[in-house]
Amino acid sequence: MSQNIAQFRHDFAIIAGWLPFGAKVLDLGCGDGALLQYLKDAMEVRGYGVEKDDTNWLACLSKGVNVIQMDLESGLSGFEDQSFDTVILSQTLQAVHNTEGIVREMLRVGREVIVTFPNFGYWRSRMQISTGNMPVSKALPYQWYDTPNVHLCTINDFDQFCVNCNIQVKERLVLTDNKPVTFMPNLMGSLAMYRLKAATRP
Amino acid sequence: MLENNSVGIVAPKTAHFSVPLTLKSGAVLPQFDLVYETYGTLNADKSNAVLICHALSGTHHVAGKYTENDKYPGWWDNLIGPNKPLDTNKFFVIGVNNLGGCHGSTGPSSINPATQQPWGSQFPIVTVEDWVTSQTMLADYLGIQQLAAVVGGSLGGMQALQWTLAYPERVRHALVIASAPNLTAQNMAFNEVARQAIITDPEFHGGDYYAHGVVPKRGLRIARMLGHITYLSDDAMGAKFGRKLKDDIKYTFDVEFEMESYLRYQGDKFAGEFDANTYLRMTRALDYYDPALPFGGDLSKALAQTSQQAKEQAQFLVVSFTSDWRFSPARSREIVKALLDNERTVSYAEVTAAHGHDAFLMPDPHYHAILRNYLQNITVGEQA
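Within every chain, residues take consecutive numbers counted from 1 along the sequence as written. The order in which chains are written sets their letters, starting at A; the order in which ligands are written sets their numbers, starting at 1. Thresholds applied to this predicted model are a pLDDT of at least 70 for local features of residues and 80 or more for the giving and counting of side-chain atom pairs; totals over whole chains, interfaces and linings are not thresholded and use all residues. Computation of side-chain values covers all heavy atoms of the structure but excludes hydrogens and water.

1. Examining the overall build of chain A
For step 1, the next point in the chain: In this text, helices come from DSSP runs of H or I with a minimum length of four residues, and strands from runs of E with a minimum of two, each type numbered from the N-terminal end. Each helix and strand in chain A was counted, giving 7 helices and 8 strands.
For step 2, the next point in the chain: For 202 residues, the compact-globule estimate of 2.2 N^0.38 gives 17 Å, and chain A sits close to it at 16 Å.
For step 3, the next point in the chain: With respect to the three principal axes, the spread of C-alpha positions in chain A is 45 × 45 × 30 Å.
For step 4, the next point in the chain: Think of it in three bands: with a 1.4 Å probe and only protein chains considered, a residue is buried below 20% of the maximum accessible area for its type, exposed above 50%, and partly exposed in between. Evaluated residue by residue, chain A yields a buried proportion of 51% over its 202 residues.
For step 5, the next point in the chain: By the convention used here, residues are in contact when the closest approach between their heavy atoms is within 4.5 Å. A separation threshold of at least 6 residues defines the contact pool for chain A, and within that pool the share at least 24 residues apart is 66%.
For step 6, the next point in the chain: Looking at chain A as shown, the accessible area adds up to about 9000 Å², and 55% of this sits on carbon and sulfur atoms.
For step 7, the next point in the chain: Charge separation in chain A, taken as the distance between the mean sites of 18 positive and 21 negative side-chain charges, equals 6 Å. C-alpha atoms define the radius of gyration in this analysis, and the globule rule sets the expected value at 2.2 Å times the number of residues to the power 0.38. Note that accessible areas follow from Shrake-Rupley with a 1.4 Å probe, and for residues the cover is restricted to the protein chains shown. All tallies of charge rest on Lys and Arg as positive and Asp and Glu as negative; His and the ends of each chain are not included. The location of each charge is read from NZ of Lys, CZ of Arg, CG of Asp or CD of Glu.

Given below as structure tokens:
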């Protein structure tokens, strides 16, 4: 479900910056494997992708990216607890049905979790809603009737989700056109990037 | 007629081994032959050899034809040839008939040098481990220290897995297709029914039917019919035959449905050309294979032991088919999980296919694209 490969470079670099060198990485919904290939080159990660789409799966294989064909919705039962340094869900959260279940599975399998998603609170989306239409943009290129996105959310929504699910936000970065946004990120930011850990219970 | 991208006219060769081979059971074969075929050219540094391991009823005749007028080519001809997914312009491909077989390699129908009679019931039970050992001897014979890849479907996939466990330094890639790390009780149960059909055939004579000039055809035929049911999915059988009748209902036990006609044809054809003693042993090899057994059933630990011993580790491609219920995707995922637990290089494809277990032999475009892409990425030395 990789959207807008061209726009990715900067978030690729940020993700790389959040990984230890040589990290063991699991990329869920890895698309054509571009991120993993980048991380392999830049950070010498030992990585596996998970992808269910045949065409994307084949693209990963051609790149020499390890890729496991399975549906995320059925969980990560093939992966042991805390067996990865980092589990990544890059621009796929919004297309997942069992959102909470998958984030929990990621926190089980990974010592750290990176989640990125298009911020539905971005002012351009709000503008389009205010004119009476579902937003269509670079980050959300689908029409309402053919979109794979079923769980769009805003940065505020996701912050609240983390609180409700007792997930620790280690770091949060918001981007618009590859540039960091700090002023009113839920309004001004188009891409949200989170670095998460399971919070230790009090 | 030969197609353009066929390996062409091929001929089997025989390798004779005069050293005794101690089998897993403890039995010793004083000497043995392996019959094999090769396609393509072994390159200068001998780094482009690919071994094809056959399943229950396969042979060394994997690709090409013996004469231009042969009705059928080798059993995996759709995969192997110039510019085919397993490209013989790049790879040197070896097909071998396993020990205990009935197509030229030493087996129950061969002559026992001690008695000058066919081995029959005296031929030992051979295992996947024994096959792999004998295959390494064939590799030695061909001057190949390390295989670029071992490829196998079903029981062949077990051999590919076994290569990586027993000889990790001798294989760079394992393609394990429609396979499993061991058989389930249900899967073994089918084998037991097949064997009982053969053993209880009055013409079986305890396995020494050669001396009586008969073969237990009825038993072998039923065994094969049963096998065929399990190799197809319900949907595939439905699409192929459904409830189609050959003619009107006649209220008899003759062939009335198309499905019956198919099963009887397959059974008769097989019983006419395959050796019952070989069939018994092939199914037993399937039953016995269980590399995780010495590790309390933990395949991850079985793989871990190899990881500790070997510097180099084979990379894996594991493929399953959605409608395969005899070697279901869940069983392939067990292999994948054990590989992941050991941080091995592995990709896993679950191919959407209607054909059941037989899908691994079909030229499905996506399936073949997977194999083509994987094999293209394997690095080999310059051609000789």
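2. Points about the overall build of chain B
For step 1, the next point in the chain: Secondary structure summary: chain B contains 10 helices and 14 strands in total.
For step 2, the next point in the chain: Looking at the 384 residues of chain B, the share that counts as buried comes to 56%.
For step 3, the next point in the chain: Intrachain contacts of chain B at a sequence separation of at least 6 include 72% that bridge at least 24 residues.
For step 4, the next point in the chain: For chain B, the separation between the mean place of its 31 positive charges and that of its 39 negative charges on side chains is 0 Å.

3. As for the interface of chain B and chain A
For step 1, the next point in the chain: In this complex, chain B contributes 20 residues to the contact, which on the side of chain A involves 18 residues.
For step 2, the next point in the chain: Across the chain B to chain A interface the summed buried area is about 1600 Å²; carbon plus sulfur atoms make up 52%.
For step 3, the next point in the chain: Two parts placed together each lose some accessible area; with a 1.4 Å probe, that loss summed over both constitutes the buried area. Area buried by chain B at its contact with chain A is led by L340(B), E343(B) and H366(B), which between them contribute 31% of it.
For step 4, the next point in the chain: The term salt bridge refers to a side-chain nitrogen of Lys or Arg lying within 4 Å of a carboxyl oxygen of Asp or Glu. Our count for the chain B to chain A interface comes out at 3 salt bridges.
For step 5, the next point in the chain: Note that E343(B) is salt-bridged to K24(A), the shortest N-O span being 3.4 Å.
For step 6, the next point in the chain: Here a polar contact means two N or O atoms within 3.5 Å. Within protein one must be a hydrogen donor candidate and the other an acceptor candidate, and residues neighboring in sequence count only if both atoms are side-chain atoms. Put simply, chain B and chain A have 14 residue pairs in polar contact (both at pLDDT 80 or more) between them.

4. Some thoughts on unusual backbone geometry
For step 1, the next point in the chain: Even without being a glycine, N166(A) presents a positive backbone phi close to 60°.
For step 2, the next point in the chain: Relative to the helices and strands, N166(A) resides in the loop between α6 (155-164) and β6 (167-176).
For step 3, the next point in the chain: Of note in this structure, Q116(B) is not a glycine but carries a positive phi near 60°.
For step 4, the next point in the chain: A relative accessible area of 57% places Q116(B) in the exposed class.

5. A closer look at the packing of aromatic side chains
For step 1, the next point in the chain: Between the rings of Phe, Tyr and Trp (Trp by its six-membered ring), a pair exists once the centres lie within 6.5 Å; its type follows the angle of the planes, with under 30 degrees stacked, over 60 edge-to-face, and the other angles tilted. A full pass over the atoms with the stated rule returns 24 aromatic pairs over all chains.
For step 2, the next point in the chain: Between F321(B) and Y367(B) the ring centres are 4.9 Å apart and the planes differ by 85°, which places this aromatic pair in the edge-to-face class. Residue F321(B) is located in strand β13 (residues 315-321), and its partner Y367(B) is located in helix α10 (residues 365-376); the two are separated by 46 residues in the primary sequence.
For step 3, the next point in the chain: In this structure an aromatic cluster arises from ring pairing among F117(A), F158(A), F161(A) and Y194(A).
For step 4, the next point in the chain: Lying across the ring of F84(A), K24(A) places its NZ or CZ 4.5 Å from the centre.
For step 5, the next point in the chain: The rule for a charge over a ring is simple: NZ of Lys or CZ of Arg within 6 Å of the ring centre, and within 35 degrees of the ring normal. Over the aromatic face of F270(B) sits the side chain of R224(B), whose NZ or CZ is 4.2 Å from the ring centroid.

6. Some points on the environment of F274(B)
All names here are of chain B.
For step 1, the next point in the chain: Note that F274 resides in the loop between α6 (258-273) and α7 (276-288).
For step 2, the next point in the chain: Considered as a pair, F274 and V215 are 59 residues apart in the sequence and their alpha carbons are 9.9 Å apart.
For step 3, the next point in the chain: When neighbours within four sequence positions are excluded, F274 is seen to be in contact with L56, S57, C102, H103, L220 and Y279.

7. Here we look at the environment of F161(A)
All names here are of chain A.
For step 1, the next point in the chain: Structurally, F161 is set in helix α6.
For step 2, the next point in the chain: As for F161 and E100, which are separated by 61 residues in sequence, their C-alpha atoms are 8.6 Å apart.
For step 3, the next point in the chain: Leave out the neighbours within four places in its chain, and F161 touches E100, V103 and I167.

8. Looking at the UniProt feature "domain: AB hydrolase-1" (unreviewed entry) in chain B
For step 1, the next point in the chain: The residues that UniProt annotates with the feature "domain: AB hydrolase-1" (unreviewed entry) are residues 48-357 of chain B.
For step 2, the next point in the chain: Counted over residues 48-357 of chain B, helix gives 37% and strand 13%. Its end C-alpha atoms are 29 Å apart. UniProt positions are given in the numbering used here, feature names are shortened, and annotations may be inferred rather than shown by experiment.

9. Remarks on the domain arrangement of chain B
Residue and element names in this part refer to chain B.
For step 1, the next point in the chain: For the domain bounds, the source is a domain assignment made automatically or taken from a database. As assigned here, chain B comprises domain 1 (13-182 + 290-377) and domain 2 (187-283).
For step 2, the next point in the chain: Each of domain 1 and domain 2 has a C-alpha centre, and these two points are 25 Å apart.
For step 3, the next point in the chain: Of the roughly 2300 Å² buried at the junction of domain 1 and domain 2 (both faces included), carbon and sulfur atoms supply 58%.
For step 4, the next point in the chain: Run the count over domain 1 and domain 2 and you get 0 salt bridges.
For step 5, the next point in the chain: The interface formed by domain 1 and domain 2 includes 14 residue pairs in polar contact (both at pLDDT 80 or more).
For step 6, the next point in the chain: By the convention adopted, Pro, Cys, Tyr, Trp, Phe, Met, Ile, Leu, Val and Ala count as nonpolar, Lys, Arg, Asp and Glu as charged, and the other residues, Gly among them, as polar. Taken together, the residues of the side of domain 1 that touches domain 2 break down into 15 nonpolar, 13 polar and 2 charged.

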